[in-house]
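Overview (structure and organization)
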Amino acid sequence: MAFHIVLVEPEIPANTGNIARTCAATGTHLHLVRPLGFRTDDATLKRAGLDYWYAVNLTYYDSFSEVEERFKGHRFFYASTRANKRYSDFEYKDGDLFVFGKETKGLPQELLDANPNQLIRMPMTDKVRSLNLANSAAIVVYEALRQTDFPGMLD
Ligand SMILES: C[S@@+](CC[C@H](N)C(=O)[O-])C[C@H]1O[C@@H](n2cnc3c(N)ncnc32)[C@H](O)[C@@H]1O
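Residues numbered from 1 in each chain as written. Predicted model: local features only at pLDDT ≥ 70, side-chain atom pairs only at ≥ 80, totals over all residues.

Within the protein one finds five helices and six strands. Its C-alpha atoms give the protein a radius of gyration of 15 Å, near enough to 15 Å, the size a compact globule of 155 residues would have. Expressed as lengths along the three principal axes of its C-alpha atoms, the size of the protein is roughly 35 × 35 × 35 Å. Here the protein, with 155 residues, has 34% of them falling under the buried criterion. (Helix = DSSP H or I, 4+ residues; strand = E, 2+ residues; numbered from the N terminus. Rg over C-alpha atoms; globule rule 2.2 N^0.38 Å. Buried ≥ 20, exposed ≤ 12 C-beta atoms within 10 Å, placed from the backbone.)

Here it is, written out as structure tokens:
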């Protein structure tokens, strides 16, 4: 088992590459929902993931409903600037999925409306509209790993 990061229609290859590196470092599985804003052989994507791509458990999907279908019975958490609960207020467990939206628009409002109790937010000042996608994913997954004592990771 592992934690899971789901990127819904990511647009910027450097962010996805950066998240792939975090996934390789933490044993987190990465799920990419198309359409992607880049080609999978994009040089920036590869560079941001360095030579760690081989260590990433990566799956592509044509729609978010394919992810929902595959992970029935798992808990989904949706990261959004529009959420009203702190990401640190939940107790995470092995197998949880963390879903992140695209850089320009975030997650679709319908997805947020359908899951009102599963929305998580990283507190911010009023000086910015959002955090960077790759930073958001790292913050959430490391909180989940901290809570579960960093399973399978070296100190
Ligand atoms: C650059 S942000 C998208 C900004 C978009 N305008 C919005 O308001 O959602 C990309 C993704 O990072 C995550 N994110 C960024 N800042 C966040 C925050 N403070 N709390 C929770 N998620 C955040 C969300 O998943 C978001 O969909």
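For the rest of this paragraph, the subject is helix 5 (residues 133-147). Since the α-helix turns once every 3.6 residues, residues separated by three or four places project in the same direction. Helix length check: helix 5, at 15 residues, gives a terminal C-alpha distance of 22 Å against a target of 21 Å (1.5 Å per residue), a fit within 8%. Within helix 5, burial applies to Leu133, Ala134, Ser136, Ala137, Ala138, Val140, Val141 and Ala144. The secondary structure elements touched by the buried residues of helix 5 are strand 1 (4-8), helix 1 (13-26), strand 4 (76-79), strand 5 (97-100) and strand 6 (119-120). A positive phi of about 65 degrees marks Asp149, the residue just after helix 5. (Expected span 1.5 Å × (residues − 1). Contact = placed C-beta atoms within 7 Å.)

All right, on to the UniProt feature "binding site: S-adenosyl-L-methionine" (unreviewed entry) in the protein then. UniProt records the feature "binding site: S-adenosyl-L-methionine" (unreviewed entry) for Gly101, Met122 and Ser130 in the present numbering. Annotated residues spanning 30 residues; largest pairwise C-alpha distance 14.0 Å, indicating a single compact cluster. Summarising the element assignment, Met122 is placed in the loop between strand 6 and helix 5. Here Met122 falls in the partly exposed class, since 18 other C-beta atoms lie within 10 Å of it. In this view, Met122 contacts Tyr87, Leu131, Ser136 and Ile139; residues no more than four positions away in its chain are not counted. (UniProt positions renumbered as here; feature names shortened; annotations may be inferred.)

It is worth spelling out helix 1 at this point. Look at helix 1: 20 Å from first C-alpha to last across 14 residues, which is about the 20 Å you get at 1.5 Å a residue. Across the 14 residues of helix 1, twelve count as buried, placing the element largely inside the fold. All of the buried residues in helix 1 are Pro13, Asn15, Thr16, Gly17, Asn18, Ile19, Ala20, Arg21, Thr22, Cys23, Ala24 and Thr26. Next to the buried residues of helix 1 lie strand 1, strand 2 (29-33), helix 2 (43-48) and helix 5.

This paragraph deals with the pairing of strand 5. A two-sided burial pattern is seen for strand 5, the buried positions comprising Leu97 and Val99 on one face and Phe98 and Phe100 on the other. Sheet analysis places strand 1 next to strand 5, joined by four bridges and oriented parallel. Among the inter-strand pairings, Leu7 is bridged to a residue of strand 5, identified as Phe100. In terms of strand pairing, strand 4 meets strand 5 through three bridges, oriented parallel. Bridging across to strand 5, Phe77 finds its partner in Phe98. (Pairing = 2+ DSSP bridges.)

Our focus in this paragraph is the nonpolar core. Residues Ile5, Val6, Phe98, Val99, Phe100 and Ala137 are the most contacted members of the largest nonpolar core, which totals 32 residues. Among the elements of the structure, strand 1, helix 1, strand 2, strand 4, strand 5, strand 6 and helix 5 are those that each provide at least two residues to this core. By residue number, the principal contributor to this core is helix 5, which donates seven residues. Leaving out residues up to four positions away in the same chain, Val99 has contacts with Val6, Val8, Phe76, Phe77, Tyr78, Ala79 and Leu107. (Core = buried A, V, L, I, M, F, W, Y, C linked by C-beta atoms within 7 Å.)

Attention shifts here to the sheet that holds strand 1. The strands making up a sheet are joined through hydrogen bonds of the backbone, oriented either antiparallel or parallel. Taken together, the six strands give an open sheet; going across it, the order is 3-2-1-5-4-6, and neighbouring strands pair in parallel fashion. The sheet terminates laterally at strand 3 (58-61) and strand 6, the two strands that pair on one side only. Its contacts with the sheet place helix 1 against strand 1 and strand 2, and it is angled at close to 155 degrees to strand 2. Contacting strand 1, strand 4, strand 5 and strand 6, helix 5 runs over the sheet at an angle of about 160 degrees to strand 5. (Axes fitted to C-alpha atoms, helices over the stretch in contact; angles between N-to-C directions.)

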